[in-house]
Amino acid sequence: MGTATAGKSGRGTPTAWRNWAGNVTATPARVVTPASVGELQDTVRRAVEDGLKVKAVGTGHSFTAAAATDGVLIRPQALTGIRSIDRDAGTVTVAAGTVLKDLNLALAGEGLSLTNMGDIMEQTVSGATSTGTHGTGRDSASIAAQIRGLELVTADGRLLTCSEKEHPEVFAAARLGIGALGIVTSLTFAVEPVFFLTAREEPMAFDRVTAEFDQHVAENEHFEFYWFPHTGNCNTKRNNRSQGPAAPPGAVSAWIEDELLSNGLFQAVNSLGRAVPAAIPSIARVASRALSARTYTDIPYKVFTSPRRVRFVEMEYALPRERVVEALRELKAQVDRSDLRISFPVEVRTAPADDIPLSTASGRETAYIAVHMYKGTPYHAYFTAAERIFTAHGGRPHWGKVHTRDAEYFAGVYPRFGEFTALRDRLDPERVFGNDYLRRVLGE
């Protein structure tokens, strides 16, 4: 059986839930970890009878309050693992609470891989897809765009099996539903035989990488770069398929780049910057020169993903790809002329257009700009300045990252926004799965 608690400690004190970054908290009336889909359905029905809202939460890697509730909080951690593999169809069906890291390891053991993925793999598959987690790709899109089927528990406790053939209108929207349409219990992803990627990481000047941005995107299957604020320096990463064999970074090199520089030293640098903001520009100039060019080859998840142990708060906007360079130059000019002190790199990635109503890449070639601030550092001024630039270019914020936009704004930047909200009205008219965040971004 699953476990259910009243959301209170033994002394009657409410037990708060907190997200990974620590910027969102909630105190649910009950926390339930269902051991089966049937138990999850019963939990939803019981919540409705008690007049409580219901939200599911994965590992809490969203920076928004998308999963926050004072009602029933469902933890899917007992609903894990691969349910089936169909090698002829090229698909894998996996339970919603499965963490991406575990899925990647299991797929690799079967000689299979997702085509594309984001740069961390600590999220559950349902949490990652429901908020639009993505990597970077010229031709391959977000994780949600790789979904070929899903199961969804609706507000009346029914279990809907959805695909392009079954409940196609629900399938179209629920691939990225921000938890508004129901609770996803399983996902079927397209997979392919495991392959090799060769990664080339190379420092490059800001002026050069922005001038050559379109060329880099066109010439590489997966291109991204990081700009270090207060400098004219960037680090670029190009991932392309190759014949192999695997040639991962040497143990010492990997430790220096991925642990010492990207986590250990980066943690220390950010702590220093938080204590002495005036030191940040000097630190940035040194840090941006510390990384050197390197090339390595490995299976996809080992190339796409990397450990992220330094805690931060993030805002990310999806812009029409042709507008991203102009927006980034405006952001650089804004930082250069302000007294802002930014210790985290700014990340730029791309995605092809897809057909998911609330995908940040819905209907348009897209590029992303992500801005971060170290946990515990005031971020409002920086994020406000960045958001003003991004919205002026028709940007769409990531559903799981900090932003201030509302339903009126989204109705203007998502051509299929009304299609999604009409489906929500049909599936959840009483807003069983509602909360304050969904009220703001989708309307009443």
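Everything that follows concerns the structure shown earlier in this document.
The residue numbering used here restarts from 1 in each chain and proceeds along that chain's sequence as written. Since the coordinates come from a predicted model, pLDDT governs what is reported: local features require at least 70, and pairs of side-chain atoms require 80 or more to be given and counted, while whole-chain, interface and lining totals use all residues. As a rule here, side-chain values come from all non-hydrogen atoms in the structure, and water together with hydrogens is ignored.

A closer look at the overall build of the protein chain
Step number 1: Only runs of H or I of at least four residues qualify as helices and only runs of E of at least two qualify as strands under DSSP, and these elements are numbered from the N terminus. A tally of helices and strands in the protein chain yields 14 helices and 21 strands.
Step number 2: In this treatment the radius of gyration is a C-alpha quantity, and the globule benchmark scales as 2.2 Å times the residue count to the 0.38 power. Compactness check: the protein chain gives a C-alpha radius of gyration of 21 Å against a globular reference of 22 Å for 444 residues, within 12% of the reference.
Step number 3: Along the first, second and third principal axes, the C-alpha atoms of the protein chain reach 60 × 50 × 45 Å.
Step number 4: Classification of residues uses two cut-offs on accessible area relative to the type maximum, computed with a 1.4 Å probe and protein chains only: under 20% is buried, over 50% is exposed, and between them is partly exposed. Here the protein chain holds 444 residues, and the buried ones make up 57% of them.
Step number 5: Sequence-distant contacts in the protein chain: of pairs separated by 6 or more residues, those separated by 24 or more amount to 73%. Any two residues having at least one pair of non-hydrogen atoms within 4.5 Å are treated as being in contact.

Describing the side chain of Thr 124
Step number 1: Assignment of secondary structure puts Thr 124 in the loop between strand 9 (112-113) and helix 3 (125-131).
Step number 2: Of the polar contacts made by the side chain of Thr 124, one reaches the backbone nitrogen of Gly 127; its length is 3.0 Å.
Step number 3: Contacts of Thr 124, omitting those with residues within four sequence positions, involve Gly 58, Thr 59, Ala 96, Gly 97, Thr 98 and Val 99. Polar contacts here mean pairs of N or O atoms no more than 3.5 Å apart (in protein, one a potential hydrogen donor and the other a potential acceptor; neighbouring residues in sequence count only if both atoms are side-chain atoms).

Points about helix 2 (residues 100-109)
Step number 1: Those residues of helix 2 that fall on the buried side of the exposure criterion are Leu 100, Leu 103, Asn 104 and Leu 107. In an axial view of helix 2, the angular spread of the buried residues amounts to 100 degrees, which keeps them on one side of the axis.
Step number 2: Turning to helix 2, the residues buried within the fold contact strand 7 (82-86), strand 8 (91-95), strand 9, helix 3, strand 12 (183-190) and helix 9 (300-304).
Step number 3: Looking at the residues trailing helix 2, positive phi occurs at Gly 111, about 75 degrees. Each C-beta atom gives one direction from the helix axis, and the arc is the one those directions make.

Overview of the packing of aromatic side chains
Step number 1: Pairing of aromatic side chains requires ring centres within 6.5 Å, counting the rings of Phe and Tyr and the six-membered ring of Trp. Pairs whose planes differ by under 30 degrees are stacked, by over 60 edge-to-face, and all others tilted. Taken as a whole, this structure holds 15 aromatic pairs when the rule is applied.
Step number 2: Ring centres of Tyr 379 and Phe 383 lie 4.9 Å apart, and the angle between their planes is 45 degrees; on these two criteria the pair is classed as tilted.
Step number 3: The exposure class assigned to Phe 383 is buried, which follows from its relative accessible area of 3%.
Step number 4: With a centroid separation of 5.7 Å and an interplanar angle of 25 degrees, the aromatic rings of Trp 399 and Tyr 414 are classed as stacked. A residue pair is termed long-range when its members are at least 10 positions apart, and Trp 399 in the loop between strand 21 (396-397) and helix 12 (407-413) and Tyr 414 in the loop between helix 12 and helix 13 (417-427) qualify at 15 residues. With respect to burial, Trp 399 and Tyr 414 carry one shared label: buried.
Step number 5: Remark: a charge is flagged as sitting over a ring if the NZ atom of Lys or the CZ atom of Arg is within 6 Å of the ring centre and within 35 degrees of the ring normal. Between Arg 241 and the ring centre of Phe 195, over which it is positioned, the NZ or CZ distance is 3.6 Å.

Brief notes about the environment of Val 313
Step number 1: With respect to the helices, strands and loops of the structure, Val 313 is situated in strand 18 (residues 312-320).
Step number 2: Judged by its relative accessible area of 5%, Val 313 is buried.
Step number 3: Once residues lying within four places of it in the same chain are set aside, the contact partners of Val 313 are Asn 23, Phe 63, Val 371, His 372, Met 373, Tyr 379, Phe 383 and Val 402.

Considerations on the packing of helix 10 (residues 324-337) against helix 11 (residues 380-392)
Step number 1: Only C-alpha atoms enter the line fits that serve as axes; for helices the fit covers just the stretch in contact. Angles between N-to-C directions range over 0 to 180 degrees. Relative to each other, helix 10 and helix 11 sit at 150 degrees, their axes nearing to 10 Å. Relative to helix 11, helix 10 is oriented so that their crossing is right-handed. Here Ala 327, Glu 330, Leu 331, Gln 334 and Val 335 of helix 10 come into contact with helix 11, specifically with Tyr 382, Ala 385, Ala 386, Ile 389 and Phe 390. Note: crossing handedness is left-handed where the near helix turns anticlockwise from the far helix by less than a right angle, and right-handed where it turns clockwise.

Brief notes about the pairing of strand 14 (residues 196-205)
Step number 1: Here, any two strands with at least 2 DSSP bridges between them count as paired. Taken together, the ten bridges between strand 14 and strand 16 (residues 233-242) define a ladder with antiparallel strand orientation. Its bridge partner lying in strand 16, Leu 197 is registered against Arg 241.
Step number 2: Here five bridges tie strand 14 to strand 17 (residues 294-298), and the two strands are oriented antiparallel to one another. Within strand 17, the position partnered with Ala 199 by the bridge is Tyr 296.

Structural notes on the sheet that holds strand 18
Step number 1: Strand order across the open sheet formed by eight strands is 17-14-16-15-19-20-18-21, with antiparallel pairing between neighbours. Edge positions in the sheet fall to strand 17 and strand 21, since each has one partner strand and no second.
Step number 2: With two bridges connecting them, strand 18 and strand 21 associate as antiparallel partners. In the sheet register, Ala 318 faces strand 21, and the bridge partner there is Arg 396.
Step number 3: With respect to the sheet, helix 10 is in contact with strand 15 (222-227), strand 18, strand 19 (346-351) and strand 20 (366-374), its orientation differing from that of strand 20 by roughly 25 degrees.

Description of helix 11
Step number 1: An ideal rise of 1.5 Å per residue puts 18 Å on 13 residues; helix 11 measures up with 18 Å between its terminal C-alpha atoms.
Step number 2: Listed as buried for helix 11 are Tyr 382, Phe 383, Ala 385, Ala 386, Glu 387, Ile 389 and Phe 390.
Step number 3: Against the buried residues of helix 11 lie strand 18, helix 10, strand 19 and strand 20.
Step number 4: Of the residues one or two after helix 11, Gly 394 is the one with positive phi, at around 75 degrees. Helix span is expected to be 1.5 Å times the residue number reduced by one.

Regarding the pairing of strand 15
Step number 1: Within strand 15, six of the six residues are buried, which leaves it mostly tucked inside the rest of the structure.
Step number 2: Pairing of strand 15 with strand 16 involves six bridges; the strand directions are antiparallel. Considered in strand 16, the bridge of Tyr 226 is made with Asn 235.
Step number 3: Sheet analysis places strand 15 next to strand 19, joined by three bridges and oriented antiparallel. Bridged to Phe 225 within strand 19 is Val 348.

A word on the sheet that holds strand 11 (residues 159-162)
Step number 1: In spatial order, the strands read 7-8-12-10-11; together these five strands make up an open sheet with antiparallel pairing. One side of each edge strand has no neighbouring strand; the edge strands of this open sheet are strand 7 and strand 11. For this sheet, the mean inter-axis angle between neighbouring strands, taken without regard to orientation, is 10 degrees.
Step number 2: Where strand 10 (residues 147-153) and strand 11 come together, four bridges link them in antiparallel fashion. Bridge pairing in strand 11 places Val 153 opposite Leu 159.
Step number 3: Helix 2 rests against strand 7, strand 8 and strand 12 of the sheet, and its axis sits at about 40 degrees to strand 7.

In short, geometric facts, not functional conclusions.
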